[in-house]
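Breakdown of the fold
One-letter residues, chain by chain:
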Amino acid sequence: MAYRSPLETRIAKKTTRAITDFDMLEDGDRIMVGLSGGKDSWALIQILDVLRQRAPIDFSIVAVNVDSGYEGYQHAELSRVCRERGWELHIEHTTIGSIIDDKLEASDTPCSLCARLRRGVLYRLAEQVGATKIALGHHQDDFIETLLLNLFFAGALKAMPAKLLSDDSRHVVIRPLAYVSESEARAYTREMGLPIIGCCCPACGDLGLQRQRVKRLILDLEREHEGVRNSMLTALTHVVPSHLLDRRLNPPAALRARARATGAPDDASGAAAETAQPLRLHRSTPTVQ
Ligand code: SF4
């Protein structure tokens, strides 16, 4: 099967690179795609279906929609599209929306609670549909926004894993669009004629949410300095542990031993760390467009 457009070719290559870099797929996998009906999840299932037909390994796809119970959600449209494209779909009706209303503290934002609740449902459904892996539609913009959110508001230097083993080791979550930009996912969904279905959540698009603020910040910076987004993405693949203050990465005793081994005085251990070669944590740097 040939790719149908330059955009599909580009997205397929980026997705394949992420799958390869992080060893996301194996022969015989049954991939459960979290399908919200938003642009990202449509782009994900579409490109996985394309890759499935070209891949040298066998894997299958099942879409799962976790309905939060908000009035007006267009299940019928989601079902119609999946039926027409031959995508197996399971819709799980939940009361996540009202649980959030009940449990949310006034000072909190709903999204982290929502994500936790949805994750629990996805894990349960993965067992129900016999999935070996759960694929989510997070793209590279999500990675850098999460990096800044954690940096600014959570006191942690981390983005999100491209591949994650759940705490109980029973589930593997993968993010095959890690190298695909949000604008590419949006354009691809449009090009493939997939209808974007709103989640009907009242918080969706709330410009007061921290994530929306970070999104605007990146956009503003990008206007002033083209390439800011690329730089942040490259930074995620180019970590220099010696230049961070986490002593788990830089145990003082190890620095002292290294200074002794090189003949430098003990008080030069800091300088030794200063000139240490950057450590590449991943095998490749994504090409960002
Ligand atoms: S906007 Fe609504 S549906 Fe989306 S993560 Fe936040 S609470 Fe959940």
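Because the structure is predicted, anything quoted here is derived from the model rather than measured.

1. Considerations on the confidence of the model for the protein chain
Model confidence for the protein chain is summarised by a mean pLDDT of 89, while 90% of its residues fall at 70 or above. Within the model, the stretch residues 268–289 combines pLDDT values under 50 with 34 contacts to residues more than four positions away or in other chains.

2. Comments concerning the nonpolar core
The tendency in soluble globular proteins is for nonpolar side chains to be buried side by side. With 40 residues, the main nonpolar core has Met32, Val33, Leu44, Ile45, Leu48 and Ala135 as its most contacted residues. For this core, the domains that each give at least three residues are domain 1 (6–209) and domain 2 (219–274). If we skip the residues at most four places from it in the chain, Val33 touches Ser41, Leu44, Ile45, Leu48, Ile61, Ala63 and Ala135.

3. Considering the site of the ligand
Taken together, Pro110, Cys111, Cys114, Ala115, Cys199, Cys201, Ala203 and Cys204 make up the full set of residues adjacent to the ligand. Of the residues assigned to the shell around the ligand, the class counts are eight nonpolar, no polar and no charged.

4. With respect to unusual backbone geometry
A positive phi angle, near 50 degrees, is found at Asp23, a position not held by glycine. Here Asp23 shows up in the loop between α1 (6–21) and β1 (29–34). On the basis of neighbour counts, which here come to 10 C-beta atoms within 10 Å, the residue Asp23 falls in the exposed class. Although it is not a glycine, Cys200 sits at a positive phi angle of roughly 70 degrees. The exposure class of Cys200 is partly exposed, given the 15 C-beta atoms found within 10 Å.

5. A look at the environment of Asp108
Here Asp108 is to be found in the loop between α4 (96–103) and α5 (110–128). Taking the number of C-beta atoms within 10 Å as the measure of exposure, Asp108 has 11 and is therefore exposed. Counting along the chain gives 101 residues from Asp108 to Leu209, while the straight-line C-alpha distance between them is 9.9 Å.

6. Quick notes on the pairing of strand β2 (residues 59–67)
As judged from the six bridges shared by β1 and β2, these two strands associate in the parallel manner. Bridging across to β2, Ile31 finds its partner in Ile61. Once you follow β1 into helix α2 (residues 39–54) and on to β2, the crossover reads as right-handed. Relative to strand β3 (residues 89–93), β2 runs parallel, the two sharing five bridges.

7. Quick look at α4
Listing the buried residues of α4 in full gives Ile96, Gly97 and Ile100. The buried residues of α4 occupy an angular sector of 105 degrees when the element is viewed end-on, so they sit on one face. Opposite the packed face of α4, turned more than 90 degrees from it, sit the exposed residues Ser98, Asp101 and Asp102. Along its buried surface, α4 packs onto α5.

8. With respect to the environment of Asp142
You can see Asp142 is positioned in helix α6 (residues 140–154). When the C-alpha atoms of Asp142 and Ala159 are compared, they prove to be 8.5 Å apart, with 17 residues separating the residues in sequence.

9. Some words on the sheet that holds strand β5 (residues 163–165)
Judged by pairing direction, the sheet is mixed, and its six strands sit side by side in the order β3-β2-β1-β4-β6-β5 without closing on themselves. Two strands in the sheet have a free side with no partner beyond their single neighbour: β3 and β5. With strand direction ignored, the average angle separating the axes of adjacent strands in the sheet is 25 degrees. Two strands pair when backbone bridges link them, and strand β4 (residues 133–135) and strand β6 (residues 172–174) are joined in this way by two bridges, in the parallel orientation. When the bridges of β6 are listed, Ile134 appears paired with Val173.

Definitions and limits used
- Residues numbered from 1 in each chain as written.
- Predicted model: local features only at pLDDT ≥ 70, side-chain atom pairs only at ≥ 80, totals over all residues.
- pLDDT = per-residue confidence, 0-100.
- Contact = placed C-beta atoms within 7 Å.
- Core = buried A, V, L, I, M, F, W, Y, C linked by C-beta atoms within 7 Å.
- Buried ≥ 20, exposed ≤ 12 C-beta atoms within 10 Å, placed from the backbone.
- Domains from an automatic or database assignment.
- Near = placed C-beta within 6 Å.
- Nonpolar A, V, L, I, M, F, W, Y, C, P; charged D, E, K, R; others polar.
- Helix = DSSP H or I, 4+ residues; strand = E, 2+ residues; numbered from the N terminus.
- Pairing = 2+ DSSP bridges.
- Right-handed = clockwise from strand over helix to strand, strands pointing away.
- Arc of directions from axis to C-beta.
- Axes fitted to C-alpha atoms, helices over the stretch in contact; angles between N-to-C directions.

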